[in-house]
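Below, each chain spelled out in residue letters.
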Amino acid sequence: MTVNFEVADGVGTISLDRPPMNALDIATQDRLHELADEATRRDDVRAVVVRGSEKVFAAGADIKEMQAMDHPAMVVRSKALQDAFTAVARIPKPVVAALTGYALGGGCELALCADFRIAADNAKLGQPEILLGLIPGAGGTQRLARLVGPSKAKDLIFTGRHVKADEALSIGLVDRVVPAAEVFEQAHAWAARLAKGPALALRAAKEAVDGGLESDLDTGLTIERTWFAGLFATEDRETGMRSFVDEGPGKAKFR
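Residues numbered from 1 in each chain as written. Predicted model: local features only at pLDDT ≥ 70, side-chain atom pairs only at ≥ 80, totals over all residues. Heavy atoms only, no water.

A. Focus on the pairing of strand β5 (residues 95-99). The buried fraction of β5 is high, at five of five residues. Along β5, one buried face is formed by V95, A97 and L99 and the opposite face, lined by V96 and A98, is buried too. Bridge count for strand β3 (residues 47-51) against β5 is four bridges, and the pairing is parallel. When the sheet's bridge partners are listed, V50 is paired in β5 with A97. Across four bridges, β5 lies against strand β7 (residues 116-120) in parallel orientation. (Buried < 20%, exposed > 50% of the residue type's maximum accessible area, 1.4 Å probe, protein only. Helix = DSSP H or I, 4+ residues; strand = E, 2+ residues; numbered from the N terminus. Pairing = 2+ DSSP bridges.)

See below:
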């Protein structure tokens, strides 16, 4: 398998496993889609970590495979490519990307699908598609601009340059930089912490933020209001409020 999936303590770990560089060929894209759907369906998965190997997260698409494709073939394939990444972005649970080594092209785009990105201090990120006479095709022009702003996104996309972890942190492309030896441990710890939280409220929060970013303010507020009111029908809301009143904040144990 080019992508593996393991579940422990409520955390599902999606691991890219296509040595040496975790190039995202068609088989890997399709497998990623399958596992994102599985993580979405499974009740025992409460949060997700996406990771590569110790030396590389993912160094982009399989260029040799792409070189053999003509325009009609890519018209068909590009939708499946985007759908695979969107399946990761729409996992209705917290998703953290653990970034080691290179996260370039499709690798960077995959990281953009996560809710939180923890990078090794030796990580390098970028969208180098312009150097191939292309543009990002798995969401990079859209998710990157939404994350770091259009000007900085154009800088990275127009030049194809790599950014080191410290610059990635400064522009908001990653959320935390840690020693390389600690990336996987910290990513799993972050996910495990959220896996203990109220699953429906976390889903509501993710869908409200993401849906609001794709809408005007009034629509976003409607999305928020609908989810907020709906959570009053859940057991988790009862548990959380009862615990707050009886024991104080932060002590609720959600099922």
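B. Spatial organisation of the packing of helix α5 (residues 140-148) against helix α6 (residues 150-159). Where α5 meets α6, the axes come as close as 7 Å, and the angle between the chain directions of the two elements is 135°. In this view, α5 runs oblique relative to α6, as classed from their interaxial angle. Crossing geometry of α5 relative to α6 is assigned as right-handed. Contacts between α5 and α6 involve G140, T141, L144, A145 and V148 from the first element and P150, K152, A153, L156 and I157 from the second. Split by residue class, the contact of α5 with α6 holds seven nonpolar, two polar and one charged. (Axes fitted to C-alpha atoms, helices over the stretch in contact; angles between N-to-C directions. Parallel < 35°, antiparallel > 145°, perpendicular 65-115°, else oblique. Left-handed = near helix turned anticlockwise from the far one by under 90°. Contact = heavy atoms within 4.5 Å. Nonpolar A, V, L, I, M, F, W, Y, C, P; charged D, E, K, R; others polar.)

C. Inspection of the side chain of R31 at higher detail. Mapped onto the elements, R31 comes out in helix α1 (residues 26-41). Judged by relative accessible area, which is 18%, R31 ranks as buried. Here V3 takes part through its backbone oxygen, which lies 3.0 Å from a polar atom of the side chain of R31. If we skip the residues at most four places from it in the chain, R31 touches M1, T2 and V3. (Polar contact = N/O pair within 3.5 Å; in protein donor to acceptor, adjacent residues only side chain to side chain.)

D. Representation of the layout of surface pockets within the structure. In this model, the largest pocket occupies a volume close to 950 Å³. A89, L112, R143, D210 and E214 are, among the 30 residues lining the largest pocket, the residues nearest its centre. Taken together, the elements giving at least two residues each to the lining of the largest pocket come down to α3 (71-89), α5, α8 (183-195) and α9 (199-213). It is α9 that contributes the most residues to the lining of the largest pocket, eight residues altogether. Each residue belonging to the lining of the largest pocket can be placed in one class, and the counts come to 15 nonpolar, five polar and 10 charged. By volume, the second largest pocket amounts to about 560 Å³. Considering the residues around the second largest pocket, the lining is formed by 30 residues, among which A61, I63, M66, E129 and L134 are closest to the centre. (1 Å grid on protein atoms, 1.4 Å probe; cavity = no way out; pocket = protein on both sides within 12 Å on 5 of 7 lines; lining within 4 Å. Points joined across faces, edges and corners; volume = space filled by probe spheres on them.)

E. Geometry of α9. The first and last C-alpha atoms of α9 sit 21 Å apart over 15 residues, in line with the 21 Å expected at 1.5 Å per residue. Considered for burial, the residues of α9 that qualify are A204, K206, A208 and G211. Elements in contact with the buried residues of α9: α3, β5 and α10 (217-230). (Expected span 1.5 Å × (residues − 1).)

F. Summary view of a nonpolar patch on the surface. Taken together, the side chains of I63, L132 and L134 define a hydrophobic patch exposed on the protein surface, amounting to about 260 Å² of accessible area. When its relative accessible area of 41% is taken as the criterion, I63 is described as partly exposed. (Patch = residues over 30% accessible without salt bridge, like charges linked within 9 Å, V, L, I, M, F, W, Y side chains within 5 Å. Areas by Shrake-Rupley, 256 points an atom, 1.4 Å probe, with all protein chains shown as cover. Salt bridge = Lys/Arg side-chain N within 4 Å of Asp/Glu carboxyl O.)

G. View of the state of the cysteines. Scanning the entire structure with this criterion turns up zero disulfides. Considering cysteine sulfurs only, C113 is the nearest to C108, which forms no disulfide, with 10 Å between them. For C113, a relative accessible area of 3% corresponds to the buried category. (Disulfide = S-S within 2.5 Å.)

H. Region of interest: the sheet that holds strand β6 (residues 102-104). Spatially, four strands are ordered β4-β6-β8-β9 in an open sheet, and the strand pairing comes out mixed. Two strands in the sheet have a free side with no partner beyond their single neighbour: β4 (56-58) and β9 (162-164). On average, adjacent strands in this sheet sit at an angle of 20° to one another, irrespective of strand direction. In this sheet, β9 lies alongside strand β8 (residues 124-126) in antiparallel orientation, the contact comprising three bridges. Bridging from a neighbouring strand, G126 pairs with H162 of β9.

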